[in-house]
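In case you want the letters, here they are:
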Amino acid sequence: ALLLLIGSPPVPIRPATSALAAVQLLALFTMLIDHLGAVGLLDVWSRLLGRMALPAFVLMVACNALRASDPWCLLPRYLLLFLLAQPVWWFSVGFPDLLCILPTLYVVALLVQLRDCSWYYPALVLGVFLVVSPWIEYGAWPLLLVPVVVWPAFWSVLLALSWPFLQYAYSPVYLPFALVGLLLVFSLLVQFSRPGFPRLPRFVTRWFYPGHLYLIKIITLF
């Protein structure tokens, strides 16, 4: 998968629908496992496996953003999901001094959609995000994964591969799981084309993030 990325022409990655469906399932499953572990419903292994969720989500969102025609069309959706998810994220799996990952995912989508605009538009978005990123889960490091989708080349692959080492420099236990997750997503996006692989309905995937947080909170209450 890495060789195909490095050797591919510098045009955006447009994976097959089946590939995105596989990455989507990986993202949702590993995030659910991670959050169940965060509230003590699963053992520590779930937190390790959960490190695979972030690269899956970021690269999935970036690939999907290539198909959006309006750079701002996703804002209402992400804002609604954020307003629904943030309160319960604080009181279930999150930290009281951080925001959940949704603002980062929206910035990922926005930067991809602004790829052909004048440089100062993405620079402004990136600058604002860097200012507020210390108060967002995972910080700004996930943005290192974005260029490999828009400009697949040797430098962008190296940039993406640097992400696990920078994101989890504090945790040599988490780092290999994040790296394996990233490589698995690369393989799915570049090589996976199994026809008929089921993609979950949009109403499920769109509301999964806040929905599973509320479900976990309800379970922990009892």
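Residues numbered from 1 in each chain as written. Predicted model: local features only at pLDDT ≥ 70, side-chain atom pairs only at ≥ 80, totals over all residues. Heavy atoms only, no water.

A. Geometry of the overall build of the chain. A tally of regular secondary structure across the chain gives 11 helices and 0 strands. Going from N to C terminus, the chain has its helices and strands arranged as α-α-α-α-α-α-α-α-α-α-α. For the chain, whose C-alpha radius of gyration is 17 Å, the value lies close to the compact-globule estimate of 17 Å for 222 residues. Principal axes of the C-alpha set define a box for the chain whose edges measure 55 × 40 × 35 Å. Each of the 222 residues in the chain was classed as buried or not, and the buried ones make up 48%. (Helix = DSSP H or I, 4+ residues; strand = E, 2+ residues; numbered from the N terminus. Rg over C-alpha atoms; globule rule 2.2 N^0.38 Å. Buried < 20%, exposed > 50% of the residue type's maximum accessible area, 1.4 Å probe, protein only.)

B. Representation of the side chain of Ser-46 within the structure. Its location among the elements puts Ser-46 in helix H3 (residues 45-49). Excluding anything up to four places from it in sequence, Ser-46 contacts Ile-33, Asp-34 and Gly-37. (Contact = heavy atoms within 4.5 Å.)

C. Structural detail: helix H5 (residues 75-91). Taking 1.5 Å per residue as the helical rise, H5 with its 17 residues ought to reach 24 Å, and the 25 Å between its terminal C-alpha atoms agrees with that figure. When the local axis directions of H5 are compared, the greatest deviation, roughly 35°, occurs at Ala-85, which is followed within four positions by the proline Pro-87. Residues of H5 that are buried make contact with helix H4 (53-65), helix H6 (102-113) and helix H11 (202-221). (Expected span 1.5 Å × (residues − 1). Bend = angle between axes of the 7 residues up to and from the residue.)

D. Representation of a positive patch on the surface within the structure. Together, Arg-14, Arg-67, Arg-77, Arg-199 and Arg-202 make up a positively charged patch on the protein surface. Structurally, Arg-14 can be placed in the loop between helix H1 (2-7) and helix H2 (17-38). (Patch = residues over 30% accessible without salt bridge, like charges linked within 9 Å, V, L, I, M, F, W, Y side chains within 5 Å. Areas by Shrake-Rupley, 256 points an atom, 1.4 Å probe, with all protein chains shown as cover. Salt bridge = Lys/Arg side-chain N within 4 Å of Asp/Glu carboxyl O. Lys, Arg positive; Asp, Glu negative; His and termini not counted. Charge placed at Lys NZ, Arg CZ, Asp CG, Glu CD.)

E. Representation of the environment of Pro-164. With respect to the helices and strands, the residue Pro-164 is situated in helix H9 (residues 154-167). A C-alpha to C-alpha distance of 28 Å links Pro-164 and Arg-199, two positions 35 residues apart in sequence. Other than its neighbours up to four places away in sequence, Pro-164 contacts Ala-169, Leu-175, Ala-178, Leu-179 and Leu-182.

F. Seen up close, the packing of aromatic side chains. In this structure the tally under the stated criterion is 7 aromatic pairs. An angle of 75° between the planes, with centres 6.0 Å apart, marks the rings of Trp-163 and Tyr-168 as edge-to-face. With respect to class, Trp-163 is no different from Tyr-168; both count as buried. A network of ring pairs unites the aromatic residues Trp-163, Tyr-168, Tyr-170 and Tyr-174 as a single cluster. For Arg-51, the ring lying beneath its charged end belongs to Tyr-174, and the centroid distance is 4.8 Å. (Phe/Tyr/Trp six-rings, centres within 6.5 Å; stacked < 30°, edge-to-face > 60°. Lys NZ or Arg CZ within 6 Å of the ring centre and 35° of its normal.)

G. Examining unusual backbone geometry more closely. The phi torsion at Tyr-138 lies on the positive side, around 75°, for a residue other than glycine. Tracing the sequence through the fold places Tyr-138 in the loop between helix H7 (120-132) and helix H8 (147-150).

H. Expanded view of the packing of H9 against helix H10 (residues 174-191). Viewed as axis vectors pointing N to C, H9 and H10 meet at an angle of 155°, and their least axial separation amounts to 8 Å. By the angle class used here, H9 and H10 are roughly antiparallel. Regarding H9 and H10, the two cross each other, and that crossing is right-handed. Between H9, through Ala-160, Leu-161, Trp-163, Pro-164 and Phe-165, and H10, the contact on the second element is made entirely by Leu-175, Ala-178, Leu-179, Leu-182, Leu-183 and Phe-186. Across the contact of H9 with H10, the residue classes tally to 11 nonpolar, no polar and no charged. (Axes fitted to C-alpha atoms, helices over the stretch in contact; angles between N-to-C directions. Parallel < 35°, antiparallel > 145°, perpendicular 65-115°, else oblique. Left-handed = near helix turned anticlockwise from the far one by under 90°. Nonpolar A, V, L, I, M, F, W, Y, C, P; charged D, E, K, R; others polar.)

I. Up close: the environment of Leu-84. Position of Leu-84 among the secondary structure elements: in helix H5. Since its relative accessible area comes to 31%, Leu-84 is described here as partly exposed. Remark: the alpha-carbon pair of Leu-84 and Pro-210, spanning 126 residues in sequence, is separated by 6.1 Å. Residues in contact with Leu-84, not counting those within four places in the same chain, are Trp-207, Pro-210 and Tyr-214.

J. Region of the structure containing the nonpolar core. Of all hydrophobic cores here, the largest spans 67 residues; its most connected members are Phe-57, Leu-59, Leu-102, Leu-105, Trp-163 and Tyr-209. At 11 residues, the largest contribution of residues to this core is made by H4. Leaving out residues up to four positions away in the same chain, Phe-57 has contacts with Ala-27, Leu-28, Met-31 and Leu-105. (Core = buried A, V, L, I, M, F, W, Y, C linked by side-chain atoms within 4.5 Å.)

K. Summary view of the pattern of salt bridges. Counted under the stated rule, the structure contains 3 salt bridges. Arg-115 is paired through a salt bridge with Asp-116; the nearest N and O atoms lie 4.0 Å apart. On the basis of relative accessible area, Arg-115 is assigned to the partly exposed category, the value being 21%.

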